[in-house]
Amino acid sequence: EEAKRRLKDVEITGGSTDMHAALKAGLKEMLEYSGENTINKLILLTDGRPTHGKIEDQDFFRLAESIRSKGGSVSAVGVGLDYNEDLLSSIARLSGGGFYHSPRPREIKKIFKKEIAHFLNVSHRGIELIVKPKKWVKVKEIYGLPHRFDDGKYVIQLPDLEKFTEQSVLCTLQYEPHPAGIFRIADIRVRYLHTSTGVEGELTGWAAARFVDDPTIIKKGKNPRVDKALLRRNVKSDLISTIRGIRTRVLNADEAQHQLREYQRTLILSGSTKEARELGEAIQQLARGEDEDASKTLTQSTFSLERGKRESDEAPQIEEPPEDGDDS
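It should be emphasised that the depicted structure is a prediction, and the values quoted were computed from it without experimental measurement.

**Student:** I keep staring at the sheet that holds strand 2 (residues 72-79) and nothing clicks. Help me out?
**Tutor:** Backbone-to-backbone hydrogen bonds pair the strands of a sheet. The strands run either parallel or antiparallel. Strand order in the open sheet formed by three strands is 1-2-3, with parallel pairing between adjacent strands. The two strands at the open ends of the sheet, each matched to only one other strand, are strand 1 (40-46) and strand 3 (99-102). On average, each strand axis in the sheet is tilted by 20 degrees relative to the strand beside it, whichever way the strands run. Bridge count for strand 1 against strand 2 is seven bridges, and the pairing is parallel. The residue of strand 2 that forms the bridge with Thr46 is Gly78. Here helix 5 (residues 108-121) sits on the sheet and contacts strand 1, strand 2 and strand 3; the angle it forms with strand 3, its principal contact strand, is near 160 degrees.

**Student:** Sorry if this is basic, but what is going on with the environment of Ile55 here?
**Tutor:** By the element assignment, Ile55 lies in the loop between strand 1 and helix 3 (57-69). According to the relative accessible area criterion, Ile55 is partly exposed, its value standing at 38%. When neighbours within four sequence positions are excluded, Ile55 is seen to be in contact with Pro50 and Phe60.

**Student:** Is there a simple way to explain the confidence of the model for the protein in this structure?
**Tutor:** Reading fine detail from the predicted coordinates is not recommended where pLDDT is low. Residues with a pLDDT of 70 or more make up 89% of the protein, whose mean pLDDT is 85. Ranking the helices and strands of the protein by mean pLDDT puts strand 10 (residues 181-194) first, with 93, and helix 1 (residues 2-8) last, with 74. For the stretch residues 310-325, pLDDT sits under 50, and the model shows 26 contacts to residues farther than four places along the chain or on other chains.

Conventions and cut-offs
- Residues numbered from 1 in each chain as written.
- Predicted model: local features only at pLDDT ≥ 70, side-chain atom pairs only at ≥ 80, totals over all residues.
- Heavy atoms only, no water.
- Pairing = 2+ DSSP bridges.
- Helix = DSSP H or I, 4+ residues; strand = E, 2+ residues; numbered from the N terminus.
- Axes fitted to C-alpha atoms, helices over the stretch in contact; angles between N-to-C directions.
- Contact = heavy atoms within 4.5 Å.
- Buried < 20%, exposed > 50% of the residue type's maximum accessible area, 1.4 Å probe, protein only.
- pLDDT = per-residue confidence, 0-100.

Right, here's the structure in full:
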């Protein structure tokens, strides 16, 4: 009822889109009603590009990071064809929210239901994964998640987690030459807020790696979680190339559909059925000549591949625990 009352007070002025001011106004409202046990979510709904006020991408990136630092997130919904999907998906990524493409206004209701279902089921939020690698270990890259380097530690911001779900973090590490054996490579902490109790929690642990003299041994110890994360990252990279091809007309519709079917098969075999369905929708849009719509649907798919839930796999076993003396 409160939402309906407020909607009656909304004035439609027309003419221009001051998206930055709208987000700042939403942030002000969010802070007014936020509390110890609240889930602070803004939904940015737009059918256009920012044309008034602050319109540079960096202005929005800074604001998205500010919203996240204040305990909130932005889920962005682009309606129709005239919005900037790269900007909206970046706002969502930096703030820890979701990104959706709605080709028709009637689909907005489904998106809102999905968002409401998500934050009603959130069990942990404000999650930070803190990784302090040993001096002989270098973190080359962390994929798909906002992070910063602070006093010898990597602080990785994770999205809110729903009940009974898990989040994988994919990164590339580089080691200095090291003797064979199992050694501790990093100390790990996880900080979070439990939504039902409002209690802040912290978990501590470590990561270990096994070094071998015989390179053929490595092939025997594949980790299904890592394999799946790598597959999703590779498909995402390929999708970005396909999107560019569609936008620049380097790929025609038939060529783009052929590529997408290949990606779709890969995702189905890996169990990523949600993203495979999104690719199916894009294939149909291309078949109907809706190239721009397909491009936006595929951008949503890349976002899903980057931040989507991962199904639970059996945890890998370490044959023997590293000893305290094996730190360097």
